[in-house]
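Observations on the three-dimensional arrangement
For reference, the chains in residue letters:
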Amino acid sequence: MLKTFLVNKDQIISYPELIRDISELRKIPEVIYHDDIYKVLKYLVASLCYNSSVTIIDSDLNDSELNQLGITEEKLNASKLLPEDEFSYEKFERVIKQLINDDSSTRWKITLFTSGTTGQPKRVTHTFKSMNRYIKVSEEHGNDVWALAYNPTHIAGLQVFFQALLNVNSIYYVFDSDRINVVRSIEEGGVTHISATPSFYRLLLPHQKPFKNVERVTSGGEKLNSDLLKQLNIAFPNAKILNTYASTESGTLFAAKGEYFHIPHHLKSKIKVVDNEVFIHKNISAVQKEDGKEWYSTGDLVEFVDDNRFRIVSRKNDEINIGGYKVNLLEIEEKLLVHPEISNAVVHSKPNSVLGNIITAEVVIESKSNVSEKEIRKYLSKHLQDYKIPRIIKFVDAIEKSRTGKAKRNYE
Amino acid sequence: MNARLLKIINTVKKNNDQQSVEKINKEDDLRNDLGFGSLDLAELTVRIESEFGVDIFADGLINTIGEVQEKIRNA
């Protein structure tokens, strides 16, 4: 049987088909900007195989956003001619080996843009190595089947993709997919590895039947709280559950079994925490700082339990001001999420002429529930101070997610 | 307009465990007569804005129902 490369709903592409399609290419784009996932991945693999650096852009961006990033139409249409020589499976395997062995002949670089949750999107250029510090390749991983639950034009998606590619694994594309397709992919596709945001898992859970075939569940991009961790353990009884901390600039930095991360020895001099915020040294950041500063602020606020262990508390942006009181939106979200009849929630801040800001919430309730706005508020009032309670609660069918798969929060 | 405004006021009151009112008069003071605190007023503004498209507190604080009605009429 031909080894499957990609499954995207009804589209199934094998590795030999991928190689054939690459061998038929006469040129490859310098900028990958496509809404067809197979084309995105095909060009990505081709760029690696031909050692040709690329820029990758989310297909969701429109012309004016591209303009802001300095991507002109000319750049979008630019391509490189490929040599005439035949591309083969052997050549593909050779490239993979080179990447695994970190052969210095790999000059390939990839440029991507941060999602801009902390302001303007930033341009970040990675080498294969700087992006994939924690990639694991071995025979053991040869039969892994991955669910690609991240946007492949952002760092987390690329990391998952390369982890799968280097082990020649099959990939089920489930980013931005409906729940039915995700469940079907995991169950029928025999997915063994999933890496996704807490928002993704919240959409998926609770599921009546545990996913027994999954061996590894990785959470990243947002705070994983102990409640979701508990649910993940129930839904994936045979999986190791890993919580990761990564940034577009540095790639994955920490991994932990639970909520608490510890700073590995080799990173101790590269990480510092000032006023509870994590800073990353420029040496482990792929971004060239223009202002010459040595440290990068991440906007992530943490809390230390001892000298070496910390947990993520929130993002700097999650803190807003309501009539002079500091409010952490994450704290409210977490209280909503433990309500037995609420399956998902996101809390927003909206400018308000009376108090500066007002808190609003969107909640998804269980199908049989008929809990009211008033009841939810009453429930919250047992756990939160008055000014932290969302004054407008909207009942929605689903929480919109950003292009990086995180719950989309509006700061108007 | 008055029926819709009354409904909004009672939504805010009900959500916050306050007694609802049967009618509103234009001299009613939002804080003293209707018992709204600043959080309630903030909520009221949002609800009025989504119903009538006007931010009643946009140019300073107002006190009475009559002033609210005027803002809505002039929107």
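Everything here concerns the structure above.
Presented here is a report on the structure given in the accompanying data block. Keep in mind that this is a model prediction, so the values were computed, not measured.

Counting its secondary structure elements, chain B contains three helices and zero strands. The helix and strand sequence of chain B, counted from the amino end, reads α-α-α. Expected size for 75 residues packed as a compact globule is a radius of gyration near 11 Å; at 11 Å, chain B falls within 12% of this value. Projected onto the principal axes, the alpha-carbon positions of chain B cover approximately 30 × 20 × 20 Å.

What follows deals with the overall build of chain A. Secondary structure summary: chain A contains 12 helices and 24 strands in total. By the compact-globule yardstick of 22 Å for 412 residues, chain A fits well, its C-alpha radius of gyration being 22 Å. Reported as C-alpha extents along the three principal axes, the dimensions of chain A are approximately 70 × 50 × 45 Å. In chain A, of all internal contacts separated by at least 6 residues, the share reaching a separation of at least 24 is 60%. With an accessible surface of roughly 19,900 Å², chain A has 47% of that area assigned to carbon and sulfur atoms.

On to the sheet that holds strand β14 (residues 251–256) of chain A. Residue and element names in this part refer to chain A. Across the sheet, which stays open at both edges, the eight strands sit in the order β2-β1-β10-β9-β11-β12-β13-β14 with mixed pairing between neighbours. Either end of the sheet is taken by a strand with one partner, and the two such strands are β2 (11–14) and β14. With direction set aside, neighbouring strand axes in the sheet form an average angle of 20 degrees. Bridging between strand β1 (residues 4–8) and strand β10 (residues 170–173) involves two bridges; their strand directions are parallel. When the sheet's bridge partners are listed, Leu-6 is paired in β10 with Ile-171. The sheet contacts of helix α2 (residues 37–49) involve β1, β2 and β10, and relative to β1 the element is tilted by about 150 degrees. Relative to the sheet, helix α7 (residues 155–166) contacts β1, β9 (145–148), β10, β11 (193–196), β13 (240–247) and β14, its axis offset from that of β9 by approximately 165 degrees.

This paragraph deals with empty space enclosed by the protein. Residue and element names in this part refer to chain A. Enumeration according to the criterion identifies four cavities of 30 Å³ or more in this entry. In this structure, the largest cavity spans a volume of roughly 40 Å³. Around the largest cavity, the lining residues are Ala-149, Phe-175, Asp-176, Thr-197, Phe-200, Lys-401, Ser-402 and Gly-405. Across the lining of the largest cavity, the residue classes break down as three nonpolar, three polar and two charged.

Moving on, we come to the pattern of salt bridges. Side-chain pairs of opposite charge can arise whenever the charged atoms involved come near each other. All told, the structure shown has 16 salt bridges over all chains when counted by the stated rule. The partner of B:Asp17 in a salt bridge is A:Lys378, with the nearest N and O atoms 3.3 Å apart. Of this pair, B:Asp17 sits in the loop between α1 (2–15) and α2 (38–52) while A:Lys378 sits in helix α12 (residues 373–381), which puts the two residues in different chains. For B:Asp17, a relative accessible area of 48% puts it in the partly exposed group. Residue class for A:Lys378 comes out partly exposed when judged on its relative accessible area of 45%. Residues joined by salt bridges that share partners form a network here, namely A:Glu373, A:Arg377, A:Arg391, B:Asp40, B:Glu43 and B:Arg47.

As a further point, take the pairing of β1(A). Taking burial as the measure, the five residues of β1(A) include four buried ones, the bulk of the element. A loop of two residues connects β1(A) with β2(A), the two strands running antiparallel in sequence, and A:Lys9 in this loop sits at a positive phi of about 55 degrees.

This part is about unusual backbone geometry. Although it is not a glycine, A:Asn51 adopts a positive phi angle of roughly 55 degrees. Relative to the helices and strands, A:Asn51 is located in the loop between α2 and β5 (54–56).

Attention now moves to the packing of aromatic side chains. Residues and elements named next belong to chain A. Evaluated as defined, the whole model comprises 19 aromatic pairs over all chains. Note on Trp-108 and Phe-162: the rings are 5.8 Å apart at their centroids and 85 degrees apart in plane angle, and the pair reads as edge-to-face. Taken as a pair, Trp-108 in the loop between α5 (89–100) and β7 (109–113) and Phe-162 in helix α7 lie far apart in primary sequence, 54 residues in all. Among the residues examined, Phe-162 registers a relative accessible area of 0% and is labelled buried. The interplanar angle of 25 degrees and the centroid separation of 5.2 Å between the aromatic rings of Phe-211 and Phe-236 together place this pair among those described as stacked. Linking Phe-211 in the loop between α9 (198–204) and β12 (216–219) with Phe-236 in the loop between α10 (226–235) and β13, this pair joins segments that are 25 residues apart in sequence. Phe-236 shares its class with Phe-211; the two are buried. Taken together, the ring pairs connect Phe-5, Tyr-15, Tyr-38, Tyr-89, Phe-92, Trp-108, Phe-128, Phe-161 and Phe-162 into an aromatic cluster. Above the face of the Tyr-260 ring, Arg-309 is positioned so that its terminal group lies 5.3 Å from the ring centre.

To continue, consider α2(A). Within an α-helix, residues lying three or four positions from one another point in the same direction, as the helix has 3.6 residues per turn. All names here are of chain A. Under the 1.5 Å per step criterion, the end-to-end length of α2 is 18 Å for 13 residues, consistent within 8% with the ideal 18 Å. Of all 13 residues in α2, 12 are buried, a share of seventy percent or more. Buried within α2 are the following residues: Ile-37, Tyr-38, Val-40, Leu-41, Lys-42, Tyr-43, Leu-44, Val-45, Ala-46, Ser-47, Leu-48 and Cys-49. Measuring from the backbone nitrogen of Tyr-38 back to the side-chain oxygen at the start of α2 gives 2.9 Å, which picks out Asp-36 as the cap. Asn-51 lies just past α2 and shows a positive phi near 55 degrees.

Glancing now at the interface of chain A and chain B. Interface size is commonly expressed as the accessible surface area that is lost when the partners come together. Each side of the interface is counted separately: chain A has 15 residues, and chain B has 16 residues. When the buried area of chain A at its contact with chain B is split by residue, A:Val354, A:Lys374 and A:Arg391 rank highest and sum to 38% of it. Viewed at the interface, chain B and chain A are joined by six salt bridges. One salt bridge in this structure joins A:Glu373 and B:Arg47, with 2.8 Å as the shortest N-O distance. Scanning the region where chain A abuts chain B turns up 11 residue pairs in polar contact (both at pLDDT 80 or more). Put simply, the parts of the chain that give the side of chain A that touches chain B at least two residues each are β22 (342–352) and α12 of chain A. If one sorts the elements of the side of chain A that touches chain B by residue count, α12(A) sits on top with four residues. Grouping the constituent residues of the side of chain A that touches chain B by class yields six nonpolar, two polar and seven charged.

What counts, and where the lines are drawn
Each chain has its residues counted from 1, running along the sequence as written. Note on labels: chains are lettered from A, ligands numbered from 1, in written order. Totals for whole chains, interfaces and linings use all residues, but because this is a predicted model, local features are given only for residues with pLDDT of at least 70 and pairs of side-chain atoms are given and counted only at 80 or more. Hydrogen atoms and water are omitted, and side-chain values are computed over all heavy atoms in the structure. Helix and strand definitions follow DSSP, with helices as H or I runs of at least four residues and strands as E runs of at least two, each counted in order from the N terminus. As defined in this context, the radius of gyration uses C-alpha atoms, and a globule is described by 2.2 Å times the residue total to the power 0.38. Contact criterion: two residues are considered in contact whenever any of their non-hydrogen atoms come within 4.5 Å of each other. Here the Shrake-Rupley method, with its probe set to 1.4 Å, supplies the accessible areas, and only the displayed protein chains count as covering residues. The pairing criterion is simple: DSSP has to find at least two bridges between the two strands. As a rule, the C-alpha atoms of each element are fitted with a line to give its axis, helices using only the stretch in contact, and angles between N-to-C directions run from 0 to 180 degrees. The pocket and cavity definitions rest on a 1 Å grid over protein atoms only: a 1.4 Å probe that fits but cannot leave marks a cavity, an open set with protein on both sides within 12 Å along at least five of seven lines marks a pocket, and residues lining either have an atom within 4 Å of a point. Grid points are joined across faces, edges and corners, and a volume is the space filled by probe spheres set on the points. Under the scheme applied, nonpolar residues are Ala, Val, Leu, Ile, Met, Phe, Trp, Tyr, Cys and Pro; charged residues are Asp, Glu, Lys and Arg; polar residues are all the others, including Gly. Any Lys or Arg side-chain nitrogen found within 4 Å of a carboxyl oxygen on Asp or Glu counts as a salt bridge. Burial status follows relative accessibility: with a 1.4 Å probe on protein chains alone, a residue under 20% of its type maximum counts as buried, one over 50% as exposed, and anything between as partly exposed. Two rings from Phe, Tyr or Trp (for Trp, the six-membered ring) form a pair when their centres sit within 6.5 Å of each other. Planes less than 30 degrees apart are called stacked, planes more than 60 degrees apart edge-to-face, and all others tilted. The criterion for a charge sitting over a ring is simple: Lys NZ or Arg CZ within 6 Å of the ring centre, and within 35 degrees of the ring normal. A helix is expected to span 1.5 Å for every residue after the first. Pairs of N or O atoms within 3.5 Å make up the polar contacts considered here, provided that, within protein, one atom can donate a hydrogen while the other can accept it, and that residues adjacent in sequence are counted only when both atoms are side-chain atoms. Two parts placed together each lose some accessible area under a 1.4 Å probe, and adding up what both lose gives the buried area.

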